[in-house]
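Spelled out from the first residue to the last, the chains are:
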Amino acid sequence: MTTVKRSVRLNRRLLTTSSFDSGALGPLVSLIHRAPAPGTYQAVVLRDGQRAGTTCFRVTDDKAGTQLNIDLASVALRTGAATRCACREHPESAPAVSPQGYVLFHVSRGAGGYAVVVGEAKEGSQAVFDSRALTDGDLFALSFIVPATYAVTSPGGAGQGEIQVAPIPPGTNLRAVSPVSVDASRDGFQPARVTVHVGQGVAFRIRSVTRIVIEKRSPAASRRAAPLAPGARRILRRVRVRKLR
Amino acid sequence: MPHLRVAASEQAFKKLFAKVVEKFVLEKSDSKDLGPFTAGYDIKIHLEGGSVDLRADNTVQVKELDIKWDRLNLSLGIDIPGFCIPGICLIPNPLGGCILETPEICLFDADPDISIVLPLGGLITSEISITGRLRTRYNVNADRPPDMDQWDAQLPDPKLTNTWQLFLDPQFVDIDLVDVADTVGDLLDDAIEAAVEALGVPDVIAGGLSAIVSLVRDVLDIGDDIQEWLSDLLGVSLGLENIIGQALIEHFVTDDPLFELEDPYPILDKAPNPNNKAVQPPLPDLVPVKLPIRDLTVSNNDVELVLEGNVG
Amino acid sequence: MAFTDHCDVFGAFHEDGFNRIIGHIRFQRPSMFNYATQAIADNPGLLCRPIEAHPRLNQHGNPLVTIIDPLPLPGTNFALNFSVQLVDVKIDFHPSSVVTLPAELAPLGVQRFALSLRVCAGIGCPPAQVVSDLIPPPPDPDADPNQPPPPPPPQVVLPPDQQLICVCLDAFAAGGLRFREYFQHFYLEPFIDRIEISDIQPADLESGIECVIDATLRLGFLPKLRILLEKMALDITDDVTISVQPKPVAVSPQVPNNPALEQDEVRAFIDLEVS
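Residues numbered from 1 in each chain as written. Chains lettered and ligands numbered in written order. Predicted model: local features only at pLDDT ≥ 70, side-chain atom pairs only at ≥ 80, totals over all residues.

**Concerning the overall build of chain B**
Quick note on the threshold: Only DSSP runs of H or I reaching four residues or more are called helices, and only runs of E reaching two or more are called strands; each is numbered from the N terminus. Three exposure classes are used. Buried residues have 20 or more other C-beta atoms within 10 Å of their own C-beta, exposed residues have 12 or fewer, and partly exposed residues fall in between, all C-beta atoms being placed from the backbone. Contact between residues is assigned whenever the C-beta positions, reconstructed from backbone atoms, fall within 7 Å.
Looking only at helices and strands, chain B has five helices and 16 strands in total. Split into buried and exposed, the 312 residues of chain B put 41% on the buried side. By sequence separation, contacts in chain B at least 24 residues apart represent 67% of the contacts at least 6 residues apart.

What follows is the structure, encoded as structure tokens:
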């Protein structure tokens, strides 16, 4: 007999997402771009092609870290329809990153379909980064939760790849597992076929491709947890109890 | 020379002993916080079998008395970490840590709790051995009013008479965990998986399921040897063996003597009043003749127990 | 050698304990040892020997004395009050050490007990004047011979004088113990081989009194001393077996006597169907 206290929410979308698209970001993926030149930047978040929100950040030498995370879902939830970017009035309040650092875009909740366009926070500025068209040096990283075989493609490119995701081996310490790196170029994926397990990261280094799409092809064979050691053995354990005085 | 002496053969003694053993039933439940998880038990046991031996050194030994687990439910309350996939370290820092790392992804928004109840009765085999001495003790009935005479004391139910008691005074009780059935491993495995599935992890996500099951086993610190884990949990962590042992000692010493003798002891039963007349209503019966018993002691050798005492 | 080598349960009473048991029976059931007519029972101060009894007996409606019919005077409708009391009862199991038997009974045989007791009898002799007043007149010579005779007058118990005329005799008996079954229960019951009282003359008087005492003991007193077999084992047999009555072990070369009267003890060897 088992019972579960329903005091928690399972993020089912993590388990049901079967495709990952660098041009339509969703859960489990991260898109990393090198920090642009020092300045104040506005990031416009799009969802299914529609403007969903904006945020801004600074690139500066002044006590800034090497990594800035921007959660596209939070930006969309927070601001809703397009608003004036507050950092035009208060640029010092925007989060900052070092010019040697990286900006990481991810989606913490929801179905996905996000894109982001980054440009300087001033009228008429050009986009310096558009997640729908990746540039060399960008990184597209993800972890798989569902064991299956996944096909990797790059629209417009010749490459076809495959990722086989196995269940987590018992006793694996996920924190000690290194990710697998794949180079994505116009000539294809290198290596074209990789094998990882659930929770192990795959990082695509972008070289002359603009988009990466990963889709689940077939589930892995369902496997129950490994059985415990077979064979009964006689346990001789003696506890001696004395009368309490 | 004692005024009276009664000896009972070892066979007769075994019957006395068996009656007291038959009456032993222990029902208890409790739980304990063991840190990463809570464990609880709900047990009901009785005893069967065993061999009883009177020994030449004035002790009694009972061997291999079976504990029959009418109920042994083990409950486990596990607070499992919310199964998070750590971030991917994209650029390691040669000095340690990561320069560039993706965010952690958690399956649950908080730590879920699961409860498992395992019915283990019939899967655990345990035996008890007892070594003790026979002793007598005079029991003054605390409920008897001080001015109540020996005949009025026998009227209520239960009687309010004082008694001499013969009881087994255990010096120690050994509880042996003899066997844990093979199927306990499967039972626990199935229970954990069912509990984890009940969290809403889809059946197809076998990998996620196995990861969480593995996590639960880690929390419980099961390892490879399920029998040893269970033995330690029941015995060491929950202290079941100690609880059973103390209850059995209490049963023999306090609750159920092997033999009880009313004092004063009725040597002649009541009799009709000799002055009854045919055509008149009967007169009160003659009261039983009762003997005060003093200095009752017990000893045994390897073939019999001997009670000796005096008439007061 | 163990007590239970040839039985399941063994019980033994030493003669010292048995004499204490008799003492407790006298104290708690005095009516077994004291017999008197109603007039004497109503006035126990008249008795030859005072009765020592448990102080709570009266509250439980237990008498001190068994009421007996008065002694009828032959040829009259009158009767006398009288009492009989058994006092100083002692028992001595083989070998004899407590009771010194008279020559007619000594030496005490093996597997036998010696019993000594004192029998005190009291006669309630009425005062002379009462007797004088009650002398019946002759029949009326002038009565009609055809008249039916008058019915016999009711018995009149003559009141005793201020004290009974008491006489006490020492009596001795040699006897044994046996197990007998009644209603599927076994009892330890005493029996008498022979009685002797202290010498009185003429010899036939002594014999007559011995006969009375002998019959009284066998028919009245001793049957009331039967002890249930279980009581010899302090009822431990009740706890050892549920549905089977305990019974004495059959006599055999290993158990030549059961009960055994030896070494100042009475011993019982008891069988149970212990499986």
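**Considerations on the overall build of chain A**
Along the backbone of chain A there are two helices and 18 strands. By the burial criterion, 38% of the 245 residues in chain A qualify as buried. Contacts in chain A between residues far apart in sequence, at least 24 positions, make up 73% of those at least 6 positions apart.

**Focus on helix 1 (residues 10-22) of chain B**
To keep it simple, the criterion reads: Expected helix span is computed as 1.5 Å times (number of residues minus one).
With 13 residues, helix 1 of chain B extends 18 Å from end C-alpha to end C-alpha; this agrees with the ideal 18 Å at 1.5 Å per step. Turning to helix 1 of chain B, its buried residues are B:Glu10, B:Ala12, B:Phe13, B:Lys14, B:Lys15, B:Leu16, B:Phe17 and B:Val21.

**A closer look at the environment of A:Val209**
Residue and element names in this part refer to chain A. Structurally, the position occupied by Val209 is in the loop between strand 16 (201-206) and strand 17 (213-219). On the basis of neighbour count, Val209 is assigned to the buried category, with 28 C-beta atoms found within 10 Å. Taking the C-alpha atoms as reference points, Val209 and Gly156, separated by 53 residues in sequence, lie 8.1 Å from one another. Excluding residues that lie within four positions of it along the chain, Val209 makes contacts with Leu134, Ser154, Gly157, Ala184, Ser185 and Arg186.

**A few points about the interface of chain B and chain C**
For the record, the criterion: As a working rule, the residues Ala, Val, Leu, Ile, Met, Phe, Trp, Tyr, Cys and Pro are called nonpolar, Asp, Glu, Lys and Arg charged, and the rest polar, with Gly in that last group. Only strands joined by at least two bridges in the DSSP assignment are considered to pair.
On the chain C side, the residues contacting the 36 residues of chain B number 36 residues. Mapped onto the side of chain B that touches chain C, the elements with two or more residues apiece are strand 1 (4-9), helix 1, strand 12 (259-263), strand 13 (265-268), strand 14 (289-291) and strand 16 (304-311) of chain B. In terms of residue count, the dominant contributor to the side of chain B that touches chain C is strand 1 of chain B (six residues). Tallied by class, the residues present in the side of chain B that touches chain C amount to 24 nonpolar, six polar and six charged. Of the strand pairs in this sheet, strand 1 of chain B and strand 1 (residues 9-14) of chain C are connected by five bridges, and their pairing is antiparallel. Bridged to B:Ala8 within strand 1 of chain C is C:Val9.

**Examining unusual backbone geometry**
For the bond from A:Gln190 to A:Pro191, the omega torsion is -5°, close enough to zero to count as cis. In this structure, A:Pro191 sits in the loop between strand 14 (188-190) and strand 15 (193-197). Along the chain, C:Gln201 connects to C:Pro202 via a cis peptide bond; the corresponding omega equals -5°. Position of C:Pro202 among the secondary structure elements: in the loop between strand 9 (185-197) and helix 4 (203-221). At B:Asp295, a residue that is not glycine, the phi angle is positive and equals roughly 55°. Within the chain, C:Phe183 stands out as a residue other than glycine whose phi angle is a positive 50°. Along the chain, the position of C:Phe183 falls in the loop between strand 8 (165-182) and strand 9.

**Focus: the pairing of strand 10 (residues 124-139) of chain B**
Each regular strand shows side chains that alternate between the opposite faces of the sheet. Residues and elements named next belong to chain B. Pairing geometry for strand 4 (residues 60-79) and strand 10, over six bridges, is antiparallel. Within strand 10, the residue paired with Leu65 across the bridge is Ile128. Looking at chain direction, strand 10 and strand 11 (residues 162-180) are connected through 16 bridges and run antiparallel. Considered in strand 11, the bridge of Thr131 is made with Phe172.

**Let's talk about the confidence of the model for chain B**
Caution applies to low-pLDDT regions: their predicted coordinates should not be interpreted in detail. Rules: Each residue carries a pLDDT value, the predictor's own confidence for that position, ranging from 0 to 100.
When pLDDT is averaged across chain B, the result is 86; 94% of the residues are at 70 or more. Under the prediction, the complex receives an ipTM of 0.86, its pTM being 0.69.

**As for helix 4 (residues 226-237) of chain B**
Our working definition: Each direction from the helix axis to a C-beta atom contributes to the arc, which is the arc of those directions.
What helix 4 of chain B keeps buried is the set B:Ile226, B:Gln227, B:Trp229, B:Leu230, B:Leu233 and B:Leu234. Along the axis of helix 4 of chain B, the buried positions cluster into a sector of 170°, meaning they face one direction only.

**Quick notes on the environment of C:Pro153**
Mapped onto the elements, C:Pro153 comes out in the loop between helix 3 (128-133) and strand 7 (156-158). In sequence terms C:Pro153 and C:Asn77 are 76 residues apart; their C-alpha atoms lie 6.7 Å from each other.

**Topic: the nonpolar core**
The line we're drawing: Joined through C-beta atoms within 7 Å, a set of buried Ala, Val, Leu, Ile, Met, Phe, Trp, Tyr and Cys residues constitutes a nonpolar core.
Counting residues in hydrophobic clusters, the biggest one holds 194 residues, and the most contacted among them are A:Val45, A:Leu72, B:Val6 and C:Val9. For this core, the leading source of residues is strand 4 of chain B, giving eight residues. Here A:Leu72 is in contact with A:Leu25, A:Val45, A:Phe105, A:Val107, A:Tyr114 and A:Val116, once residues within four sequence places are set aside. Listed in part, the nine residues of the second largest apolar core include C:Tyr35, C:Cys48, C:Val65 and C:Leu164.

**Examining the pairing of strand 3 (residues 37-54) of chain B**
All names here are of chain B. As defined by bridge partners, strand 2 (residues 25-33) adjoins strand 3 across nine bridges and the pair is classed as antiparallel. Across the sheet, residue Lys28 finds its bridge partner in strand 3, namely Ile43. Note that strand 3 and strand 4 share 17 bridges and pair antiparallel. Bridge pairing in strand 4 places Gly40 opposite Ser75. Counting the residues between successive antiparallel strands, the hairpin from strand 3 to strand 4 contains five residues, one of them, Asn58, with a positive phi of roughly 70°.

**Brief notes about the confidence of the model for chain A**
All names here are of chain A. Mean pLDDT for chain A: 81, with 81% of residues reaching 70 or above. This stretch, residues 1-6, has a pLDDT under 50; its non-local contacts, to residues over four places away or in other chains, come to 15 contacts. Counting interchain partners and residues more than four positions distant, the pLDDT-below-50 stretch residues 222-236 has 32 contacts.

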